[in-house]
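Structure at a glance
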Number of protein chains: 4
Amino acid sequence: MDKRREVQSSVKDERLVEMRRNQMIRGAVSLFKQKGFHRTTTREIARASGFSIGTLYEYIRTKEDVLYLVCDRIYDEVRAQLNSMDLNGGTISDLSIGIAHYFKVVDAMQDEVLVMYQETKSLSKDALPYVLKKELEMVQMFETLIRQCVEKGELHIEEKQIHLLAQNIFVQGQMWGFRRWALHHTYTIEQYIERQTELLLIGIKGYKAAEKKGES
Amino acid sequence: MDKRREVQSSVKDERLVEMRRNQMIRGAVSLFKQKGFHRTTTREIARASGFSIGTLYEYIRTKEDVLYLVCDRIYDEVRAQLNSMDLNGGTISDLSIGIAHYFKVVDAMQDEVLVMYQETKSLSKDALPYVLKKELEMVQMFETLIRQCVEKGELHIEEKQIHLLAQNIFVQGQMWGFRRWALHHTYTIEQYIERQTELLLIGIKGYKAAEKKGES
Amino acid sequence: MDKRREVQSSVKDERLVEMRRNQMIRGAVSLFKQKGFHRTTTREIARASGFSIGTLYEYIRTKEDVLYLVCDRIYDEVRAQLNSMDLNGGTISDLSIGIAHYFKVVDAMQDEVLVMYQETKSLSKDALPYVLKKELEMVQMFETLIRQCVEKGELHIEEKQIHLLAQNIFVQGQMWGFRRWALHHTYTIEQYIERQTELLLIGIKGYKAAEKKGES
Amino acid sequence: MDKRREVQSSVKDERLVEMRRNQMIRGAVSLFKQKGFHRTTTREIARASGFSIGTLYEYIRTKEDVLYLVCDRIYDEVRAQLNSMDLNGGTISDLSIGIAHYFKVVDAMQDEVLVMYQETKSLSKDALPYVLKKELEMVQMFETLIRQCVEKGELHIEEKQIHLLAQNIFVQGQMWGFRRWALHHTYTIEQYIERQTELLLIGIKGYKAAEKKGES
DNA sequence: TATGAATGAGCTTTCATTCAT
DNA sequence: TATGAATGAAAGCTCATTCAT
């Protein structure tokens, strides 16, 4: 199920590999978010990771491996955060809690999301599918949430819309990261959540925008 | 209004500059969409433009200038396409026609939109604002469209939502370009337009999804 | 007939390519003979050629191309020297003049011969056949010389020996280059020629070692 | 007499050193014959030897030490094979048996001979003399064989030729290894021995090529 | 104005060697 | 004695940019 593309390492000790790659990912994310993948050099990655260029290459084979590891990790972390919410009620409330949760995760992991968002496309034809698969799984989580609402009769949209709505939610989450310049000076994350939820669920029976707005 | 960042050229004849830059942009777009800005070399750009590397540098100063010219041009073209629609009715129908028009433009200019979308972030701090400003102007066109509906009482959303809704529309257009892999094998552009419009305008008084669907 | 493996150059002007490659070959030979191909860096080759590393790579694509050019050139030069002798008499005297001529060429081009001898094996599977073909052609020149003697009845060896004898002559020429340490302090090139010729042609009717020796 | 250049080892147990170096030489020869000394890494040598890179460096000090050990060992083995023949008769027959024996040794140890032949030159100025000395000793074995024939009146060549003839024999043996591409598809080792012996001893009183050929 | 040869800083990657365990 | 993770100098090669023609 969780078929991961293996990145070869000449170091055998798996604990060490795990640890070093953690350092590497942390270092690389902070560089990628500043200057992007292409403008970051492997030496900079090594330095930011706290070891030498030689050591870096003990744990990867090419610079692109770093990008893959970074993207892979970020997707895993975002997904793990999402998985932690256990919403099976099939109510509109559950759905909007799910959306709010996702948006907050995106807000908390802004840098990572931005990197994942902007640099995924730099992955090779070889590595890309693995990452896209993870993205798809995240979208599917929203599909499930939505479908449950539909099945319970809380939401009246057609099956064909579900997939698209799920993608919209996913992209609107990312938007908060990649359109900071247009959004962050206008809304707080809470406002963004509230307004996007309203727009998404407007006109839905049982969704009371006015009520919610009263609270904030 | 149309404050453009000047790209220096050592050639004085403006007609020539215009012509050469057109060639350059055409060549560069086709390269950028294949391999991205960073993986494209200036030599390749020169060759694809039909002149020598020396000549290329008569019309720009740095490689980044090419990117700026490309982004700038694409925004202009997309905006020009959008401007061509003259919708001042303030009806929901006008709005959905506007959306459909925009989505079709995005579909027709897929490659360009993808480039503008993916490479804009590679612009220097210096050039970025000029391009973002153009993007904002496009979003404002949708704001205007929406506001007219609200003013006419066709649409009941608050002022604060207008800006966000406009951005959503804008991003959903781009989505059709940058999430091809997830969308194009599921929807045709017509289906995409129809479904997105439904989701955007669902629950809006006067918007009849069923009716529209019947037409297509 | 003279099918040469093309080495790509990004410079178009063929005269310039020819000139630069001459510089390059001259520089590379002098380095290869000192330290061998593997211990010579591309930067050193560039410097010894009188231009920058960037320029070097305008005229070749990989370091191995330099080796190929060097080997190819040396074979051509040696062969050209050999071709210059016009010996069709089919006499033993012609043969021994031919041998002497070849040995003198080898002596004059000692460094080149040493390089060609020691580094040819470092050529890629791709380039090797082109060079070996040239070597074979040189061996065939001796075969022809020998066969003419046999046909004229001046030499009595079987057809099957001819090829081998030709190879021996060829290798004995190279020996003068690659076994300097063992030969040069014992013989002058003239002595080497004389003695090897004696050994090769000893017992051949009409070959008078004593006579020849008297001359020197 | 057998002055050997010591290769330092931090391991004291001589039996162990001997054993490890045997492993190392075996591994290295097989690598060197495939890819040459320069293209072989120390890690590969360690792996092929059956121990770790750390252990490798307990038994040598530099990569070049491995080359020296390999060359040294090969020379010893070839020489040991040659020493095993006990030919003191001073007859032409003894000499040709000696030659045949040497050629067969070369054939049996083709890979080793090729390595010794091609990589000896990569030895440092420091180590080279030790290896060349061994080579010289092998040549001297042929000199002795030849001189005995001359002294017994079986062979009529001058003292000055003896050294050269011995070298020719030595090089012709190596030829069988380093000119495989030109020889092996034309001759079997037996044919090669026969024909080379004929060429070397042609015209020698008492040498009957025809007779020998009849035997094979 | 157009050309393309020349440049060299700077990139990714390798690998001989060391040394703490 | 054996291990293998760590190191960094140095390699091959690229490419944005310049400038003489």
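Residues numbered from 1 in each chain as written. Chains lettered and ligands numbered in written order. Predicted model: local features only at pLDDT ≥ 70, side-chain atom pairs only at ≥ 80, totals over all residues. Heavy atoms only, no water.

Pairing between side chains of opposite charge can happen when their charged atoms approach one another. Per the stated rule, a full pass over the model turns up 54 salt bridges over all chains. Glu135(B) serves as the salt-bridge partner of Arg179(A), at 2.3 Å between the closest nitrogen and oxygen. One end of the pair, Arg179(A), is in the loop between helix H8 (159-178) and helix H9 (180-183); the other, Glu135(B), is in helix H7 (residues 128-151), on a second chain. You'll find Arg179(A) and Glu135(B) in the same group, each marked buried. Here Glu137(D) ties to Lys133(D) by a salt bridge, and the two come within 3.2 Å at their closest N and O atoms. Of the two residues, Glu137(D) and Lys133(D) are both situated in helix H7 (residues 128-151); the distance of four residues between them amounts to about one turn of the helix. Glu137(D) sits in the buried class, given a relative accessible area of 14%. Where salt bridges share partners, they join Asp72(A), Asp76(A), Arg79(A), Lys133(A), Lys134(A) and Glu137(A) into one cluster. (Salt bridge = Lys/Arg side-chain N within 4 Å of Asp/Glu carboxyl O. Helix = DSSP H or I, 4+ residues; strand = E, 2+ residues; numbered from the N terminus. Buried < 20%, exposed > 50% of the residue type's maximum accessible area, 1.4 Å probe, protein only.)

Another aspect to go through is the protein's contact with DNA strand E. Around DNA strand E, the surrounding shell holds 41 residues, and the nearest of these are Tyr57(A), Lys12(B), Arg20(C), Tyr59(C) and Thr42(D). For DNA strand E, the fraction of atoms within 4 Å of the protein that belong to sugar or phosphate moieties is 63%. Here a phosphate oxygen of DNA strand E sits 2.9 Å away from a polar atom, N or O, in the main chain of Thr42(A). Between DNA strand E and Lys63(D), the relevant distance is 2.7 Å, taken from a phosphate oxygen to a main-chain nitrogen or oxygen of the residue. A per-class count over the surface near DNA strand E returns 14 nonpolar, 16 polar and eleven charged. (Near = heavy atom within 4 Å. Polar contact = N/O pair within 3.5 Å; in protein donor to acceptor, adjacent residues only side chain to side chain. Nonpolar A, V, L, I, M, F, W, Y, C, P; charged D, E, K, R; others polar.)

It is worth spelling out a negative patch on the surface at this point. Together, Glu6(A), Asp13(A), Glu14(A) and Glu18(A) make up a negatively charged patch on the protein surface. Here Asp13(A) shows up in the segment before helix H1 (14-39). (Patch = residues over 30% accessible without salt bridge, like charges linked within 9 Å, V, L, I, M, F, W, Y side chains within 5 Å. Areas by Shrake-Rupley, 256 points an atom, 1.4 Å probe, with all protein chains shown as cover. Lys, Arg positive; Asp, Glu negative; His and termini not counted. Charge placed at Lys NZ, Arg CZ, Asp CG, Glu CD.)

Moving on, we get to the interface of chain B and chain A. Counting residues at the interface gives 40 residues for chain B, matched by 40 residues for chain A. Counting each side, the surface lost to burial between chain B and chain A is near 3700 Å², with a carbon and sulfur contribution of 53%. Connecting chain B to chain A are two salt bridges. At the surface where chain B touches chain A, the tally comes to 14 residue pairs in polar contact (both at pLDDT 80 or more). Mapped by element, the contributors of at least two residues to the side of chain B that touches chain A are helix H6 (110-119), H7, helix H8 (159-178), helix H9 (180-183) and helix H10 (189-201) of chain B. Among the elements that take part in the side of chain B that touches chain A, H8(B) stands out by supplying 13 residues, more than any other. Residues of the side of chain B that touches chain A, tallied by class, amount to 18 nonpolar, twelve polar and ten charged. (Contact = heavy atoms within 4.5 Å. Buried area = accessible area lost by both parts, 1.4 Å probe.)

The subject of this paragraph is the UniProt feature "DNA-binding region" (unreviewed entry) in chain A. Feature annotation in UniProt assigns "DNA-binding region" (unreviewed entry) to the following positions: residues 41-60 of chain A. End C-alpha to end C-alpha, residues 41-60 of chain A measures 14 Å, and it is 75% helix and 0% strand. (UniProt positions renumbered as here; feature names shortened; annotations may be inferred.)

A few words on the relation of the copies chain B and chain A. Between the two copies, chain B and chain A, the superposition gives an RMSD of 0.2 Å; the rotation angle is 179° and the shift along the axis is 0.0 Å. As the rotation angle and translation indicate, the two copies are arranged about a two-fold axis. The fraction of interface residues of chain B whose copies in chain A are also interface residues reaches 100%, indicating that both copies meet through the same surface. (Least-squares fit on C-alpha atoms with pLDDT ≥ 70 in both.)

The next point concerns the protein's contact with DNA strand F. Close contacts around DNA strand F come from 43 residues, with Arg20(A), Tyr59(A), Thr42(B), Tyr57(C) and Arg20(D) the closest. Counting only the atoms of DNA strand F within 4 Å of the protein, the fraction contributed by sugar and phosphate is 65%. Interatomic distance of 3.3 Å between a side-chain N/O atom of Arg43(B) and a base nitrogen of DNA strand F. Of all the secondary structure elements, the ones that give two or more residues to the surface near DNA strand F are H1 and helix H3 (53-59) of chain A, helix H2 (42-49) and helix H3 (53-59) of chain B, helix H2 (42-49) and helix H3 (53-59) of chain C together with helix H1 (14-35) and helix H3 (53-59) of chain D. Tallied by class, residues from the surface near DNA strand F come to 14 nonpolar, 17 polar and twelve charged.

Here we come to the side chain of Glu44(D). Residues and elements named next belong to chain D. Mapping Glu44 onto the fold places it in helix H2 (residues 42-49). Only 2.6 Å separates the side chain of Glu44 from the side chain of Lys35, close enough to count as a polar contact. Within the structure, Glu44 has its side chain in polar contact with the backbone nitrogen of Thr41 (distance 2.8 Å). Apart from residues no more than four positions distant in its own chain, Glu44 is found in contact with Leu31, Lys35 and Arg39.

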